[in-house]
Amino acid sequence: MKLLTPISAIMTYNLVKLNITDDLTKAEHLFKKNKIRHIPVVKGEVIVGMISYSDLLKVSYVDGSMDENESVDVMVYNMYTIEQVMTKNLVTVSPSTTIKKAAEILAKGDFHALPVVERNRLIGIVTTTDMIKFLIEEY
C-alpha cells in the first residue's frame, strides 16, 4: 500500500470556498449545488475557518434531505454569521504530508476534512471520503 504517498496525490485542488464576509444562505447554496460536506472559509487566500454541512444543520434545523431548490427561511440565517458558525482553530497539513499521517490526524480528530496549506496559503482539502476512495483503489 502506498501510505507514504504525499497527500497532494489525492487532495482536492479545485476548491469551493466561502469568504469570511459571505452569508449562510450562500453556504447552503454551495453545499447543495456542489454536493459537498465541507467548505473552507478564507480571507483572501488565507484560510480562517471551515464550515461543515452539519454545522449549518445545527443552526438552521434544516432537514438534511432537502434538495438544491429548497431553502431555509432566510431569517434563520440572518441570525448568524459565517464566522460564528465556522470552526476556527483548524488542524492543517502541507501537500507533502503523507496519506498515512493525514489518516492518523483524521482518525484522532473530531472532524472529517483537513485543509492543505502551503506558505500560509490554502491550496487544497483532503477529506475522509478522499481517504476511503484511495483505500478502495488500493484494494
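Residues numbered from 1 in each chain as written. Predicted model: local features only at pLDDT ≥ 70, side-chain atom pairs only at ≥ 80, totals over all residues. Heavy atoms only, no water.

**Here we look at the sheet that holds strand β2 (residues 38-43)**
- The sheet built from three strands is open, its strands ordered β1-β2-β3 with mixed pairing. Whereas interior strands pair on both sides, the edge strands pair on one side only; in this sheet they are β1 (18-19) and β3 (46-52).
- Here β1 runs beside β2; their pairing, made up of two bridges, is parallel. Counted as the bridge partner of N19 is V42 from β2.
- Sheet strands touched by helix α1 (residues 24-34): β1, β2 and β3. Its angle to β2, the strand with the most contacts, is close to 135°. (Pairing = 2+ DSSP bridges. Helix = DSSP H or I, 4+ residues; strand = E, 2+ residues; numbered from the N terminus. Contact = heavy atoms within 4.5 Å. Axes fitted to C-alpha atoms, helices over the stretch in contact; angles between N-to-C directions.)

**Focus on helix α2 (residues 53-60)**
- Along α2, the residues classified as buried are Y53, D55, L56, V59 and S60. Taken down its axis, α2 places every buried residue within 155° of arc, on the same side. (Buried < 20%, exposed > 50% of the residue type's maximum accessible area, 1.4 Å probe, protein only. Arc of directions from axis to C-beta.)

**Things to note about the side chain of T97**
- Along the chain, T97 falls in the loop between α4 (82-85) and α5 (99-108).
- Setting aside its immediate chain neighbours within four residues, T97 contacts T5, P6, I7 and A102.

**Overview of the packing of α5 against helix α6 (residues 128-138)**
- One way to put it is that α5 packs onto α6 with a least axis distance of 11 Å and a crossing angle of 130°. In this view, α5 runs oblique relative to α6, as classed from their interaxial angle. Judged by the twist between their axes, the crossing of α5 over α6 is left-handed. Across the interface between the two elements, I99, A102, A103 and L106 from α5 touch T128, M131 and F134 from α6. (Parallel < 35°, antiparallel > 145°, perpendicular 65-115°, else oblique. Left-handed = near helix turned anticlockwise from the far one by under 90°.)

**Brief notes about the environment of E45**
- Positionally, E45 belongs in the loop between β2 and β3.
- Measuring from C-alpha to C-alpha, the distance between E45 and N120 comes to 8.3 Å, with 75 residues separating the pair along the chain.
- Excluding residues within four positions of it along the chain, E45 makes contact with N120, R121 and L122.

**Remarks on the packing of aromatic side chains**
- Under the counting rule described, the total for this entry stands at one aromatic pair.
- Taking the centre distance of 5.3 Å and the plane angle of 65° together, the rings of F31 and Y53 count as edge-to-face. In this pair, F31 is assigned in helix α1 and Y53 in helix α2, connecting sequence segments 22 residues apart. Each member of the pair, F31 as well as Y53, is classed as buried. (Phe/Tyr/Trp six-rings, centres within 6.5 Å; stacked < 30°, edge-to-face > 60°.)

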